[in-house]
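Letter by letter, the chains look like this.
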Amino acid sequence: MTTIAIIGPGAIGGTLAAWLAQDPALAVTVCARTPFDGLRVETPEGVITAQPDILSDPSQAQVVDWVLVCTKTYDAEATRPWLEGLAGPQTRVAIVQNGVEHVQLFAHLVPAQTIVPVMINLPAVRNAPGQIVQHRHGIIAVPAGPNGEAFAALFDKTEIEATAHEDFTSQLWIKLTTNSQSIVPTLTLRAPGPVWNEALENIVRGVVEECAAVGRAEGATIPQSVIDAAIAASMTMREGAVSGSFHADRLAGHRLEVDARNGVIVRLGRKHGIPTPMNGVLVTLLEASGSPWISK
């Protein structure tokens, strides 16, 4: 029996917990701030339910084989009490978060060699604690090697496609490049499509091309088609549509992962001597919007 603990049962964490709990060879525990009654996920394959152990007190935690951290990036330090109880010498810790700095955010909390950075594309929305709608099939990428391959194998009996990649850096930066344009509707609070014009296109293109340039400097291979697709997605975004979790979090009044989403482009651009004026301006405007929940 493989034991798994999931910290952060939001849309992503709750969906992963529900799918993993379908495998009788896996014992799943969910670590939450407050307890709730089981998991129910509406998936493209139909409704799945699960009754994992649910802990709300880190003092109840016991060492497991795997920890999946599914919190927001700004909550890294808040996972410390859970990790202290869940992670033993043989425990592997999968960081299922946005951005490109998974290892850097957690290397002070657990040994770096136990960390498995995870890129995930899993469109899902949590309507209530334990109640989630998964809109499309999930895709997971992890680095090649024993730890990454073992993590991918956890999902063999699920509908989530998990693959270990030799060039994991490119997987991370392709996702960030694709999603970088969502800072525009997050800032303006409306879809770009209905107000699309040359000036707006220049802004979106600048954001995406700066991200790709920084990613390439970090060693990623990012085809031009990724840039073009990101711009097209912004241009065709319809009125009332929500451009992913970044946009959704601002609409809901939640804290924003500004640094992990676009701030990192500015920071690493500075490191490589790559100008990132468009990302810099939009990050500054978003941080200056007067919202107390902005996370730097």
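Note that the structure is predicted; figures quoted are calculated from it, not measured. (Residues numbered from 1 in each chain as written. Predicted model: local features only at pLDDT ≥ 70, side-chain atom pairs only at ≥ 80, totals over all residues. Heavy atoms only, no water.)

Student: Explain the sheet that holds strand β9 (residues 124-128) to me, please; I cannot follow it from the model alone.
Tutor: In sheet architecture, strand pairing relies on hydrogen bonds along the backbone and comes in two forms, parallel and antiparallel. Spatial ordering of the open sheet is given by β4-β3-β10-β9, a layout of four strands whose pairing is mixed. With partners counted over all chains shown, the strands left at the sheet margins are β4 (46-50) and β9, one partner each. For this sheet, the mean inter-axis angle between neighbouring strands, taken without regard to orientation, is 20°. Both strand β3 (residues 39-43) and strand β10 (residues 131-134) contribute to a ladder of three bridges, which runs parallel. The residue bridging E42 from the neighbouring strand is V133, located in β10. (Pairing = 2+ DSSP bridges. Helix = DSSP H or I, 4+ residues; strand = E, 2+ residues; numbered from the N terminus. Axes fitted to C-alpha atoms, helices over the stretch in contact; angles between N-to-C directions.)

Student: Mind showing me how you'd approach a nonpolar patch on the surface here?
Tutor: On the surface, L189, V242 and L251 cluster together into a nonpolar patch covering about 260 Å² of accessible area. If you trace the backbone, L251 turns up in helix α9 (residues 244-251). (Patch = residues over 30% accessible without salt bridge, like charges linked within 9 Å, V, L, I, M, F, W, Y side chains within 5 Å. Areas by Shrake-Rupley, 256 points an atom, 1.4 Å probe, with all protein chains shown as cover. Salt bridge = Lys/Arg side-chain N within 4 Å of Asp/Glu carboxyl O.)

Student: Just to check I follow, could you spell out unusual backbone geometry for this structure?
Tutor: Non-glycine residue L189 carries a positive phi angle of around 60°. As for its position among the elements, L189 is in the loop between α6 (183-188) and α7 (198-217). L189 gets classed as partly exposed once you look at its relative accessible area, which sits at 42%. (Buried < 20%, exposed > 50% of the residue type's maximum accessible area, 1.4 Å probe, protein only.)

Student: Can you walk me through the pairing of β9 in this structure?
Tutor: Strand residues, when the strand is regular, have side chains that alternate between the two faces of the sheet. Pairing geometry for β9 and β10, over four bridges, is antiparallel. Each residue of the ladder has a partner; that of A128, found in β10, is Q131.

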